[in-house]
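# Structural characterization, general
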Number of protein chains: 12
Amino acid sequence: MTMVRSTLPESARRIAGDALQESLVDLLGLSLIGKQAHWNVVGPRFRSIHLQLDEVVSTARTFADQVAERAAAIGVAPDGRPETVATRFALQGPKDGWLRDTEVVRLLVEALEAAIGRLRERIEVTEEADKVTQDLLISVTYELEKQRWMFEAENWPRED
Amino acid sequence: MTMVRSTLPESARRIAGDALQESLVDLLGLSLIGKQAHWNVVGPRFRSIHLQLDEVVSTARTFADQVAERAAAIGVAPDGRPETVATRFALQGPKDGWLRDTEVVRLLVEALEAAIGRLRERIEVTEEADKVTQDLLISVTYELEKQRWMFEAENWPRED
Amino acid sequence: MTMVRSTLPESARRIAGDALQESLVDLLGLSLIGKQAHWNVVGPRFRSIHLQLDEVVSTARTFADQVAERAAAIGVAPDGRPETVATRFALQGPKDGWLRDTEVVRLLVEALEAAIGRLRERIEVTEEADKVTQDLLISVTYELEKQRWMFEAENWPRED
Amino acid sequence: MTMVRSTLPESARRIAGDALQESLVDLLGLSLIGKQAHWNVVGPRFRSIHLQLDEVVSTARTFADQVAERAAAIGVAPDGRPETVATRFALQGPKDGWLRDTEVVRLLVEALEAAIGRLRERIEVTEEADKVTQDLLISVTYELEKQRWMFEAENWPRED
Amino acid sequence: MTMVRSTLPESARRIAGDALQESLVDLLGLSLIGKQAHWNVVGPRFRSIHLQLDEVVSTARTFADQVAERAAAIGVAPDGRPETVATRFALQGPKDGWLRDTEVVRLLVEALEAAIGRLRERIEVTEEADKVTQDLLISVTYELEKQRWMFEAENWPRED
Amino acid sequence: MTMVRSTLPESARRIAGDALQESLVDLLGLSLIGKQAHWNVVGPRFRSIHLQLDEVVSTARTFADQVAERAAAIGVAPDGRPETVATRFALQGPKDGWLRDTEVVRLLVEALEAAIGRLRERIEVTEEADKVTQDLLISVTYELEKQRWMFEAENWPRED
Amino acid sequence: MTMVRSTLPESARRIAGDALQESLVDLLGLSLIGKQAHWNVVGPRFRSIHLQLDEVVSTARTFADQVAERAAAIGVAPDGRPETVATRFALQGPKDGWLRDTEVVRLLVEALEAAIGRLRERIEVTEEADKVTQDLLISVTYELEKQRWMFEAENWPRED
Amino acid sequence: MTMVRSTLPESARRIAGDALQESLVDLLGLSLIGKQAHWNVVGPRFRSIHLQLDEVVSTARTFADQVAERAAAIGVAPDGRPETVATRFALQGPKDGWLRDTEVVRLLVEALEAAIGRLRERIEVTEEADKVTQDLLISVTYELEKQRWMFEAENWPRED
Amino acid sequence: MTMVRSTLPESARRIAGDALQESLVDLLGLSLIGKQAHWNVVGPRFRSIHLQLDEVVSTARTFADQVAERAAAIGVAPDGRPETVATRFALQGPKDGWLRDTEVVRLLVEALEAAIGRLRERIEVTEEADKVTQDLLISVTYELEKQRWMFEAENWPRED
Amino acid sequence: MTMVRSTLPESARRIAGDALQESLVDLLGLSLIGKQAHWNVVGPRFRSIHLQLDEVVSTARTFADQVAERAAAIGVAPDGRPETVATRFALQGPKDGWLRDTEVVRLLVEALEAAIGRLRERIEVTEEADKVTQDLLISVTYELEKQRWMFEAENWPRED
Amino acid sequence: MTMVRSTLPESARRIAGDALQESLVDLLGLSLIGKQAHWNVVGPRFRSIHLQLDEVVSTARTFADQVAERAAAIGVAPDGRPETVATRFALQGPKDGWLRDTEVVRLLVEALEAAIGRLRERIEVTEEADKVTQDLLISVTYELEKQRWMFEAENWPRED
Amino acid sequence: MTMVRSTLPESARRIAGDALQESLVDLLGLSLIGKQAHWNVVGPRFRSIHLQLDEVVSTARTFADQVAERAAAIGVAPDGRPETVATRFALQGPKDGWLRDTEVVRLLVEALEAAIGRLRERIEVTEEADKVTQDLLISVTYELEKQRWMFEAENWPRED
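If you're wondering where the values come from, they're calculated on a predicted model, not measured in any experiment. (Residues numbered from 1 in each chain as written. Chains lettered and ligands numbered in written order. Predicted model: local features only at pLDDT ≥ 70, side-chain atom pairs only at ≥ 80, totals over all residues. Heavy atoms only, no water.)

## Notes on the overall build of chain A
Selection rule: Put simply, DSSP marks the helices as runs of H or I at least four residues long and the strands as runs of E at least two long, and each gets a number from the N terminus on. For the radius of gyration, the atom set is restricted to C-alpha positions; the globular benchmark scales as 2.2 Å times the number of residues to the power 0.38. Using a 1.4 Å probe on the protein chains alone, a residue whose accessible area is under 20% of its type maximum counts as buried, one over 50% counts as exposed, and one in between counts as partly exposed.
For chain A, the count of helices and strands is 5 helices and 2 strands. Going from the N terminus to the C terminus, chain A shows its helices and strands as α-β-α-α-β-α-α. The globule rule puts the C-alpha radius of gyration for 160 residues at 15 Å, and the 17 Å found for chain A is close to it. Taking the principal axes of its C-alpha atoms as reference, chain A extends roughly 55 × 25 × 20 Å. By residue count, 69% of the 160 residues in chain A fall in the buried class.

## Concerning the relation of the copies chain C and chain D
Going by this rule: Our superposition of the copies is a least-squares fit, built on the C-alpha atoms of residues whose pLDDT is at least 70 in both. The contact definition used throughout considers only heavy atoms, calling two residues in contact when any of these lie within 4.5 Å.
Superposing chain C onto chain D takes a rotation of 180 degrees plus a shift of 0.0 Å along the axis, which leaves an RMSD of 0.0 Å. Given the turn and translation reported, the copies of this chain are related as if by a two-fold rotation axis. The C-alpha atom lying nearest the rotation axis in chain C is that of A86 of chain C; the distance is 3.0 Å. Of the interface residues in chain C, 97% have counterparts in chain D that sit at the interface too, so the contact is made through matching surfaces.

## Regarding the side chain of D130 of chain H
Selection rule: Any pair of N or O atoms that falls within 3.5 Å is considered a polar contact. Within protein, one atom must be able to donate a hydrogen and the other to accept it, and sequence-neighbouring residues count only if both atoms are side-chain atoms.
Here D130 of chain H lies in the loop between helix 4 (101-129) and helix 5 (131-154). A distance of 2.8 Å separates polar atoms of two side chains, one belonging to D130 of chain H and the other to R120 of chain A. Those residues in contact with D130 of chain H that sit more than four places away from it in its chain are R120 of chain A together with L8, A16, R70 and I74 of chain H.

## Observations concerning the interface of chain B and chain G
Note the following rule: What counts as buried area is the accessible surface, traced by a 1.4 Å probe, that two parts surrender upon association, with contributions from both included. Any Lys or Arg side-chain nitrogen located within 4 Å of an Asp or Glu carboxyl oxygen qualifies as a salt bridge.
Every contact between the two is made by 20 residues of chain B and, on the other side, 18 residues of chain G. When the two sides are added together, the surface that chain B and chain G hide from each other amounts to roughly 1,700 Å², 53% of it contributed by carbon and sulfur. Linking chain B to chain G there are 5 salt bridges. One salt bridge connects E152 of chain B with R5 of chain G, and the closest N-O pair in it is separated by 3.1 Å.

## Regarding the relation of the copies chain B and chain G
Between the two copies, chain B and chain G, the superposition gives an RMSD of 0.0 Å; the rotation angle is 120 degrees and the shift along the axis is 0.0 Å. Here the two chains are linked by the operation of a three-fold rotation axis. Judged by C-alpha distance, D135 of chain B is the residue of chain B that lies nearest the rotation axis, at 4.9 Å. Here only 5% of the interface residues in chain B have copies in chain G that are interface residues too; the copies meet through unlike faces.

## Comments concerning the environment of S58 of chain B
Residue and element names in this part refer to chain B. Within the fold, S58 resides in helix 2 (residues 46-73). The class for S58 is partly exposed, based on a relative accessible area of 42%. On a C-alpha basis, the gap between S58 and G34 in space is 9.4 Å, while along the polypeptide they are 24 residues apart.

## Points about the pattern of salt bridges
Close approach of charged atoms lets side chains of opposite charge pair. A full pass over the atoms with the stated rule returns 242 salt bridges over all chains. For R158 of chain I, the salt bridge identified is with E152 of chain I, shortest N-O distance 3.1 Å. Residue R70 of chain J is joined to D130 of chain J by a salt bridge in which the shortest nitrogen-to-oxygen separation is 2.8 Å. Linking R70 of chain J in helix 2 (residues 46-73) with D130 of chain J in the loop between helix 4 (101-129) and helix 5 (131-154), this pair joins segments that are 60 residues apart in sequence. D130 of chain J carries the same exposure label as R70 of chain J, and that label is buried.

## Quick word on the packing of aromatic side chains
Two numbers describe a pair of aromatic rings. These are the distance of the centres and the angle of the planes. Defined as follows: The rule is short: rings of Phe, Tyr and Trp, with Trp giving its six-membered ring, pair when the centres are within 6.5 Å, and they are stacked under 30 degrees, edge-to-face over 60, tilted in between.
Per the counting criterion, the structure on display carries 12 aromatic pairs over all chains. Taken together, a centroid distance of 5.8 Å and an interplanar angle of 70 degrees make the contact between F46 of chain A and W149 of chain K edge-to-face. Of this pair, F46 of chain A sits in helix 2 (residues 46-73) while W149 of chain K sits in helix 5 (residues 131-154), which puts the two residues in different chains.

## Topic: the interface of chain C and chain D
For interface size, the figure often reported is the accessible area lost on association. Facing 38 residues of chain C, the contacting portion of chain D comprises 37 residues. With both sides pooled, the region where chain C packs onto chain D buries about 3,100 Å², and carbon together with sulfur makes up 68% of that total. Inspection of the region where chain C meets chain D yields 2 salt bridges. K35 of chain D serves as the salt-bridge partner of D65 of chain C, at 2.7 Å between the closest nitrogen and oxygen. The set of elements that each furnish at least two residues to the side of chain C that touches chain D consists of helix 1 (10-40), helix 2 (46-73) and helix 3 (82-88) of chain C. It is helix 1 of chain C that provides the largest number of residues to the side of chain C that touches chain D, a total of 9 residues.

## A few points about the arrangement of the chains
Between chain C and chain J there is no contact; the minimum C-alpha to C-alpha separation amounts to 26 Å. At the C-alpha level, the nearest point of chain F lies 26 Å from chain J, with no contact between them.

## Observations regarding helix 1 (residues 10-40) of chain L
An α-helix turns once every 3.6 residues. As a result, residues three or four positions apart point the same way. For the record, the criterion: For a helix, the expected span equals 1.5 Å multiplied by the residue count minus one.
Counted at 1.5 Å a residue, the expected span for helix 1 of chain L with its 31 residues is 45 Å, and the 45 Å between its end C-alpha atoms agrees. Taking burial as the measure, the 31 residues of helix 1 of chain L include 25 buried ones, the bulk of the element.

## Examining the side chain of Q52 of chain C
In this structure, Q52 of chain C sits in helix 2. Using a relative accessible area of 1% as the deciding quantity, one classes Q52 of chain C as buried. For Q52 of chain C, the contacting residues outside a window of four places in its chain are R47 of chain B together with M150, F151 and E154 of chain C.

## Considerations on the UniProt feature "domain: Ferritin/DPS" (unreviewed entry) in chain A
What counts is decided by this rule: UniProt positions are given in the numbering used here, feature names are shortened, and annotations may be inferred rather than shown by experiment.
The feature "domain: Ferritin/DPS" (unreviewed entry), as given by UniProt, occupies residues 18-153 of chain A in the numbering adopted here. Across residues 18-153 of chain A, the secondary structure splits into 81% helix and 3% strand, with the terminal C-alpha atoms separated by 33 Å.

## Examining the environment of F63 of chain J
Examined against the element boundaries, F63 of chain J turns out to sit in helix 2. Contacts of F63 of chain J, omitting those with residues within four sequence positions, involve L27, L136, S139, V140 and E143 of chain J.

## A closer look at the packing of helix 1 of chain L against helix 2 (residues 46-73) of chain L
Residues and elements named next belong to chain L. Just so we agree on the cut-off: Convention adopted: a line fitted to C-alpha atoms gives each axis, helices being fitted over their contacting stretch, and angles between N-to-C directions are expressed from 0 to 180 degrees. Comment on the angle field: the value is read as roughly parallel under 35 degrees, roughly antiparallel over 145, roughly perpendicular from 65 to 115, and oblique elsewhere. In this scheme, a crossing is called left-handed if the near helix is turned counterclockwise away from the far one by less than a right angle; it is called right-handed if the turn is clockwise. We call Asp, Glu, Lys and Arg charged. Ala, Val, Leu, Ile, Met, Phe, Trp, Tyr, Cys and Pro are nonpolar, and the rest, Gly among them, are polar.
Where helix 1 contacts helix 2, the two axes come as close as 8 Å, and the packing angle between them is 160 degrees. Taken together, the axis directions place helix 1 and helix 2 in an arrangement best described as roughly antiparallel. Here helix 1 and helix 2 pass one another in a crossing that is left-handed. On the side of helix 1, the interface is formed by L20, S23, L24, L27, L28, L30, S31, G34, K35, A37 and H38, while helix 2 contributes H50, L53, D54, V57, A60, R61, F63, A64, V67, A68, R70 and A71. For the contact of helix 1 with helix 2, the per-class residue count stands at 14 nonpolar, 5 polar and 4 charged.

## Focus on unusual backbone geometry
Cis peptide bonds are those with omega within 30 degrees of zero, and the linkage from W156 of chain E to P157 of chain E qualifies with 0 degrees. Turning to its location among the elements, P157 of chain E is positioned in the segment after helix 5 (131-154).

## Quick look at the environment of E127 of chain K
Examined against the element boundaries, E127 of chain K turns out to sit in helix 4 (residues 101-129). In this structure, the C-alpha to C-alpha distance between E127 of chain K and R14 of chain K, residues 113 residues apart in sequence, is 13 Å. When residues no more than four places from it in sequence are discounted, the contact partners of E127 of chain K are K131 of chain B together with Q134 of chain K. At a separation of 3.1 Å, a polar atom in the side chain of E127 of chain K contacts the side chain of K131 of chain B.

Okay, here's the thing in C-alpha cells:
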C-alpha cells in the first residue's frame, strides 16, 4: 500500500525515485568514508586534511537529508539503512587502519570523481521526469565538484 | 606498524579500544536508523517524532565522533566504514519502506535499550583499564537513557 | 506607460509575467489560509499543527516576495492587493470558525497539491520564455512539495 | 458549538471579539497594501520608501498575529480569510500597477490615519469589556501612529 | 522597620502590595506544577506537551521575577519562600507520580483559568491604587490567557 | 505652520504634548547626570555603582527617544536642545568634580524619586487626553521605580 | 502501575531514585530561597549580591531539571510539587522580609554547605547502584562548591 | 601542463570555461565601478545610493568568487588579474571624479543591463555543455536583474 | 583634594585635561542636537536623514564616554552636566520646532566642521603633553570628518 | 568645480590626497592578485594558503574602503576604476594560470614587502600634512606587516 | 589563618589540593610554551601549527582557571605566580628564538605526554580523597590526550 | 641565522624589538598576577574585584599576543617562556596565599602604575625607530591607564 501519494505520474516517479535512492546511498557512503579518513589520517598535512574532510562530511550529510526528503516528497520511501548503504555503495573506500595523508587525498579525488560521474548521468535522466529533482542533483554536483577540485589541487604533483 | 602511539599500557589500550570500537558501531548504526525512521515515519504523530528523531541522530553523530577520536587518542585506529557498520551493528533496525509512528516509537525504545545495555557492560570493563574512556561512555549512556525515557513515555499505553 | 523597462523581449515578458502573477496570488492566498488555520485549529494535535502551519506561512510569504520582485525585475507590475487575492485565488480554503486538526491536515494537503499542479504547468511554459523565472518556480515547487509530503505523512491513515 | 470557552462574560466577549475581528481585517489589509506598494513604487525616493514599507508590513503582520490569537484566547474564532479581508477591508488601497513615490507616501498617510481613527474608537469600547484587549489595541495604535508620523514627515510639503 | 521606602501613599501601597504578593505565589506555584507535569507526563502526546509546559514555566518564572521586583519597588518585601508557596498556593496541582497526557492538559486549563480569574480581580482593585502595578498584571493576564487558550484548544473534544 | 498634523483633537494634543515635553527634559537630564556620576564616582563601591549608572543612562536614553518620537507622532515638535535641558531640568544633579559612592547613591535615589513624582502626575492628566501616551508614561515610571528601588536598597542604612 | 520502565535492576533503581529525589528537593528549595534573597537583600553590597544570587538560582534550576529528568530516565517519577518542597526541604532559608547583605552571605554559605554535605553522601551510595547518576551528582557538587567558595570568600572576615 | 583535471569532456570544458572567464571579468569590473560610484557620488540622494551600491558590490564579489571557483572546479584556471580586468571589461564605467546621484543611477542601469544581456547569451551556450555552470549563471542573472530593477525604479522619470 | 592621582606631570595633565573637557562638551552637545534634528526633521528626505543622524548621535555618545573616561584616567574630573553643556557648547544648533531636511543637512555640515576645527587644534596642543590623549582625539576627528563628508556630499548642489 | 570641500588647507589636502590615492591603488591591486592566487594555487599546501589568501584579500578590501572614504572626507575624489588600478599598480603580480604553492608564498612576501615600503614613505610625508591620514596609514602598515611575517615564516627555508 | 574553609576533611583537602596545585603549574606552563611556539614557529607548515597551538593554549588556560578555582573551592589557595610557574614547571619547553615546524610538533608531543603521565597519577591519588576533583582531572586528561593525538598524527613519519 | 627578515633597518629593528620584548614580559606577568589575585581575593568586595581582575587579564593577554606578533612581524623572535617571565618581570606581584580585597586593589594600582611608566618611556624611544610599533604601545597604555583609574577610584580613601 502506498502511504504517501505522489504529485508525479508513475513513470516520472520511478525514474526520479531511482535517481534519488542511488544518490542517497552515494552520499551516505561518502559521509561514512569521509569520517573514517577524518579519524585515521596521519602525516604532516594531518590538520589541514582532517578539517577539510569534515566539510565533505557536512556537505554529504546535508545533501543526503535533502535527497531523502525529496524522495519522500514524491512518494518514494528512501532507504538509508546500514545494510543498504553497505551493499549498494559502489565508490572505493579506505582500507582499515591508519591512512597516510597523501593516500587520503588521492582516495577522495577518486571517490568524488566517481560520485560526480554517476550524478551527471542522473541529471540527464531526470530532465524529462522531474525538473525539481534535476535541480537538486545539479546543486549536489556543484558542491561535490568544488570539493573534488580542492583535493585535486592539493593532489599535485600527481603520480599518474 | 603502529602509527599513533598510545599513552596507555597495551592491555588497557586493548580493552578500552574494543569498548570504543563497539560503541562507535552502535552509534553510527543508531544515526543511520534514526535518519531512516525520520524520513519514513507516517501517522498522526509524524511531526513530533520526525523532530525527535533528529535529536537522536544529532546525539549519535556527536558521540560517534567523540568515541572515534578517543580511540585514536589512545592509539587505536577506529573503524566506521559502511561494511563494518553493516556487519557489526547488532541492534534491530526498521524494515524497508514507510513506518507507522507507533512502530517507530517502539523500535526506538528497543534499539536504545539494547545500546544502553551494551554500554553499561563497557562502563564496567573500562573502570580499571581507562577511567577517561569510562567517563566518556558514562556521558553517552546518560544521553541515550534520556532519549530512551522520552520514547518510552511516548510509548504509553504499552502493549506488553 | 511602462515605468520599469524589461530585459526580456515582449512575448517572453508576458508569458513569464503571467506565470509570476498567478503564482503570487497562490502564495499570498496560501499565507492567509495558513494563518487562518494556525489560529483556528483545535484538537489533540493542536500544537504540532499550529507550529507546522507557521512554517507554511513563512515559506509562502518569503516566496511571494521573491516572485513579486521577480515580476518587477522583468518589468511587470505585480498585483497582490486584497481584492485581487480574493477574486483570483483558486485554491480551496477553510470555512469560517474553529477547525478540527484532522480537517486542517486534509485541507493543507489539498491546497498544496492544487498549488503544486499549477506551478508545474508554469515551469513548462516558462522554459523557453525565461529560464531565470523557471528556476525560481522550481524552487517554490521544491519547498511546497516538501510541505505537502509532511502533511500527507501526517494525514495517514487516509479516508479515501 | 463553542470549541474554545471564554474567560470573559458573554457580552464582554462579544464587544472585545468584534473589536479584535475588525482590527484583524485592518491589519491584514494593511500588510497586503504595504507589500503592494513595496513592490510597485517608482521614483527617486524608491529605496527609502521600499524599505520603510517593509517595516509597516512587519508591524502589521506581527500585530495581526497577536490580535487574532487574542481573539482565540477569549473564545472568539478569528476570520482572516482572503474573501473576508477583501470584503471587510475599509481602508483605501493603491490602484493597480506602478506607483509614484509621492503617491505612495500620501496613500500610506491616509490608510494609517483611517486605521488609527478606527482603533481609537475600539480602545474606548473595550475599556469596560476587557482591559487586556484594550491594552493590546493601545500598543497597536502606538506603533501605527509612529509609522504615520514618519510618512507624514516625509509627505512635506503637503499639497492640501 | 521599613528598609525600602515607597513612592506610593500607604493605602495604595498596601492594596498593590497584596495584589502583587498573591500573584507571586500563584506564579511560583504555577512554575512548580508546570515543571512537575513536564517531568511526569506520559502518553502519545508526550513530546508536544512536555515542550509546551516549559513555555508555561518560563512565562511563570519571568513574571514571578517582575511581580516580586515590582513589590520591592513600591516598598513591599515579597515572600516567595517554599513554605509560603506551599501554604498560600490555591490552584489545583497534579497528584504524585506519572500523569497521562490528557490529564495534564485538563489540569493546566483549570489551573490557568483559576489564576486568570484571580488576576482579573486584582486588575480591578489596583486601578485606583497603582496604575503601574495594574499594567503589569494586565501583561501577566495576557500571557496566561494565551497559554490557557492553547491547552483548551488541545483539550478538545472535552468531556464536560 | 504645523508641519506634522495630529491624530488628536487640539486640547488633547496640547495636554499630551506638554506631558511628553516635560518628560523628555527629565529623561535627557537624567541621562546626563547619570553619565556625570558614572565618570566621577570614587570609593570602595566604585565598580558596582559605575555599572549600575550605565543601566540608568541606557534606560533614560531609550525612553527619551520613545517619548520624543511619541510627541512627534501626535504632531508636537519635541525640544531636547542643550539650552532647553539646562533651563527646564528641575531635578537635583551632582556638583562638579569627584563624587563619593555614598553621595552618588543618595543623589540617584532623590533624582529618581523626583522624576517619578512628576511622572505620576502626568499619568493622571493624560488619562482622558490620550491613553496611548499614558501607557508610555506608565512604562517609563515602571522602569524608573525599579531603578529607584535598587539604589534605595543599596542606600541602606539610611541617615534620615 | 509502572508507566516508565527502568534500565536498572530494582535495588539500584531505588537507591539512585532516592538520591535523585532528595537532590531535587534541595535544588528546588535552593532556587526559591535564592530568589527570595535576590529580591529582599538590602545594604551597600546590594547589587553585587543581587546578581550573584541569580547565578545560584540559574545553577539550581538547571540542575533540578537534569536531576528530575534523570529520575524519570531510570523509571522513577520525580516529585517537585510545592507541598513536597515545603515539607522535605531541610536547608535553612531566610526569614520573612528585608535581609541585610551580610546576613544573606552567611545564609548562603550555610545553605550551600548543608546541600553539599548531603550530596557527598549520595555520591557514595550511588557508586555501586548507578555510575551515571553518580556522575551527575558529582557535577552538581562541583558547581555548588564553586558557589559556596565565592560566598565564603565574600563572607570574610567571619564572625566565628 | 594541466594541473587540475576536468570532469567534463574537452569541448564542454572550453565552452563553459569561456563563459565563466568572461563572467568573472564582468563581475570583478562591476565590483570596482560599484565601489568607485559608492565613494564619489554626491547629491541629495547620496546616502540611499551609497548604501545600495554596496549591495551591488557585495553581490558582484560573492558571485565573482563562485564563478572563478567553478572555473577551477572544471579544470580551467580563472584570470582575474588587474590587467585582465582592465583590458577585457566591456561595460561602461564612470568617469574620473565626483558623480551626481542621477548620473550614478543611470550608469548602473546601463552597466547592469549590458552585463545581463551577456549573461543571457552564456546561459544559452552552456545549456548543452554544462548544466551545473548554466545553473550558476542563472543565479547570477537573477540577482543582477533584481539590482537593475531597483536602480531602474529609482531612475524614474527617465529622460529617454 | 585630588581623589584620583594622575600618571602625567601636572602641566601635561592640565593641557590634556582641558582638551578632553572641551571635546566632551562638543560631543555631548552634538549628541543632543543630533537627536533634536532626528526627531524634528521633515521633508522628502526624512527617512534617510533621520537614520543618518542616529549614526552621528551614536558616534558622539561613544566618543563622549571615551573622552570623559580618558579625562578620569589622567586624574581630571570630567564635567558633562546639563548646565555645563548648555553654557560651554559653542556649536550652532537647530532652532526650536520642525526642521526642513535641507536645513538639517546644512546645519550638520556646519556643526561638524566647527567641531573638527576645534579638535584639530587640540591634536596639536596635546602632541607634547600626552600622545595617548592625542591618539584618541585623532580617532574622534577621523569619524567626525567621515560624517561631515557624507552630509557635505548630500548637501550638493550648495547654495554658497 | 569642487563638489566636496575640504577641512584641510590646500597643500595638506594635496599631499594627503596623493598618499591616499596611491595606497588605494596598491590595496585594490593586492585584493585582485590575492584572489587570483586564491583561485589558482596548487600543491600540497593548497588549503592552508587558499584560506590565508582570503585574509589578505579581506584586509586589503577593508582598508581600500577606509582609504578611499578618507580621501573623500578630505575633499579628494578617489579613483579605483579598473583602468586606473591596471595602469598605476606597481607591485609584481602572478602570471596567468595555475600557481605552485611555493611560488605563491614567495610572490606574496614580495608584493607585501613592496607595498609596505611604499606605505612607510607615505607615513613620513603625511606627518605634517594630516595626522589623521597618517594614523590610518599606520594601521594599514601594521596589518600588512603582520600578513608579510606569516608568509615569510611559511617561506622558510628560503632559497636566497 | 585559613580564610576559606574547606568542605573536605583535612587529609583529603591536602591530597586534592596538591594534585590541583601541580596541575595548575603544568597547565599555566603549557599555556606559556604553547604561545611561545605559536609566535616563533617557522617552516612550510607554519599556518597549520600556528592555529593548532592556539587551541592548546585556549584549552590550557580554561582548565588552569577551573583547576585553580577548584583548589579555592576546597579551601586551598592556588599559586600561579610567575616565579612559581618558572621553578615548579617540569615539562620540557622550547629553546629561545625561531623554531622549525617539525621541532614544534615533536616538542608538543613530548610536553603533552609528560603532562598526561603526571595527570594519570593524580587521577589515582584523588579517587579516595575527592571524586569531584578526580572528575575534573579526568576532563583535563581527556582534552590533553586529544591534543596529543593530533600532534602525534602530524608527527608521522617519526624519526625514532 | 635570521629566519624571518625585517622590513626595518637594523638599528630601528633593535630599538623596537627591545621595547616590544620588555612589554611582552610586563603583559604576561600582569596576566599571571591578575589571575593569581582573581583566585585568591577574599573580603566583602570579592565579587566586584574578582570580575574586574578578569578584565585586566583579558586585556593583558590580548596585548601580549599583539606585542609578540608585532615583534615577529619586524623580524625579532619574541621570548615569553616561563623562565623569561619569572626572571625579567619587574613589577611587584602578590604574596603567596589568600589576599584581602583592599590589598588587591592597592597592588593592582601599583603594578599598573609601574607598567604604565615603563610603557611611556618606550613610546618615546620608538617614535623615531618605528611609528607602527609606537602606535601599538600607545594603545596598550590607553587601556592600562583606564584599568588603573578604575582601581584607583576604588582605592579611595587612600592611606597615603
